[in-house]
Amino acid sequence: MSYIEKNLMDGEQIIYEARQHWMIYWKPFLLLLIAIGLFAIPTTDVTLIMQICMSLVLLAVAGFWALNIYGGRKYILTNRRLILKRGIVKRQSTDLILRRCEGVSIAQSIFGRMLGYGTVTVSTGEVANEFNLIEHPVEFATHINQQIVNATANQQPDQNRNT
């Protein structure tokens with residue numbers, strides 16, 4: 001059972017799980033290519049050892065960079081809230097209550113449109129929360145908007161009973 005499933009409220013269900021696009025790894029991948037490319041340079045025995053050491057350093061940096069970028073991130077939409085969980089060793093979680101959300105916007109570059117990624121921003125009045133490099137951002141935003149509508153529609157009868 002995952003962290004998110006353990007921490008669901010009574011009656012809360014997972015609706016959608018957004019994923020980050022593979023483009024988040026383009027810089028570590030570039031370092032990996034450079035590390036491999038070092039072996040294409042003709043060398044002597046002495047410089048071969050330096051090439052191996054430099055490649056290992058670049059591979060370590062690329063690995064740590066990729067791990068830091070990913071960081072155990074999960075973007076979960078439930079029928080009541082939007083949850084951002086990040087961290088592998090040290091965990092940090094942000095919950096947005098859907099009935100308090102005011103708007104959802106999507107930003108996509110030309111490459112984002114071609115490759116299917118973008119930034120989804122959810123505003124809660126005083127704060128705007130950005131979800132960067134999300135796969136299928138339009139689909140994610142549509143699900144968020146639908147759950148906001150559902151949450152506010154379910155809230156309406158409760159407010160009428162109190163008056």
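Residues numbered from 1 in each chain as written. Predicted model: local features only at pLDDT ≥ 70, side-chain atom pairs only at ≥ 80, totals over all residues. Heavy atoms only, no water.

*Asks:* I would appreciate a short explanation of a nonpolar patch on the surface in the present structure.
*Replies:* On the surface, W26, F29, L30, L32, L33, I34, I36, F39, L48, I52, L56 and L59 cluster together into a nonpolar patch covering about 1,100 Å² of accessible area. For the nonpolar patch, the elements supplying multiple residues, two or more each, are α2 (26–37) and α3 (45–70). Per-element accounting of the nonpolar patch gives the leading share, 7 residues, to α2. Examined against the element boundaries, L33 turns out to sit in helix α2. (Patch = residues over 30% accessible without salt bridge, like charges linked within 9 Å, V, L, I, M, F, W, Y side chains within 5 Å. Areas by Shrake-Rupley, 256 points an atom, 1.4 Å probe, with all protein chains shown as cover. Salt bridge = Lys/Arg side-chain N within 4 Å of Asp/Glu carboxyl O. Helix = DSSP H or I, 4+ residues; strand = E, 2+ residues; numbered from the N terminus.)

*Asks:* In this structure, what is going on with α3? I would like to understand it.
*Replies:* Every α-helical turn comprises 3.6 residues, leaving residues that sit three or four positions apart pointing alike. Counted at 1.5 Å a residue, the expected span for α3 with its 26 residues is 38 Å, and the 37 Å between its end C-alpha atoms agrees. For α3, the set of buried residues is Q51, S55, L58 and A62. Buried positions along α3 lie against α2. Immediately downstream of α3, the backbone of G71 shows phi near 55°, a positive value. (Expected span 1.5 Å × (residues − 1). Buried < 20%, exposed > 50% of the residue type's maximum accessible area, 1.4 Å probe, protein only. Contact = heavy atoms within 4.5 Å.)

*Asks:* Is there a simple way to think about the packing of aromatic side chains in this case?
*Replies:* Centre distance and the angle of the planes are the two values used to describe a pair of aromatic rings. Under the criterion given, the structure shown has 3 aromatic pairs. Here F131 and F140 contribute two aromatic rings whose centre-to-centre distance is 6.0 Å and whose plane-to-plane angle is 90°, an arrangement assigned as edge-to-face. Like F131, the residue F140 is buried in the burial classification. Three or more aromatic residues link up through ring pairs in this structure, and these residues are Y16, Y75, F131 and F140. (Phe/Tyr/Trp six-rings, centres within 6.5 Å; stacked < 30°, edge-to-face > 60°.)

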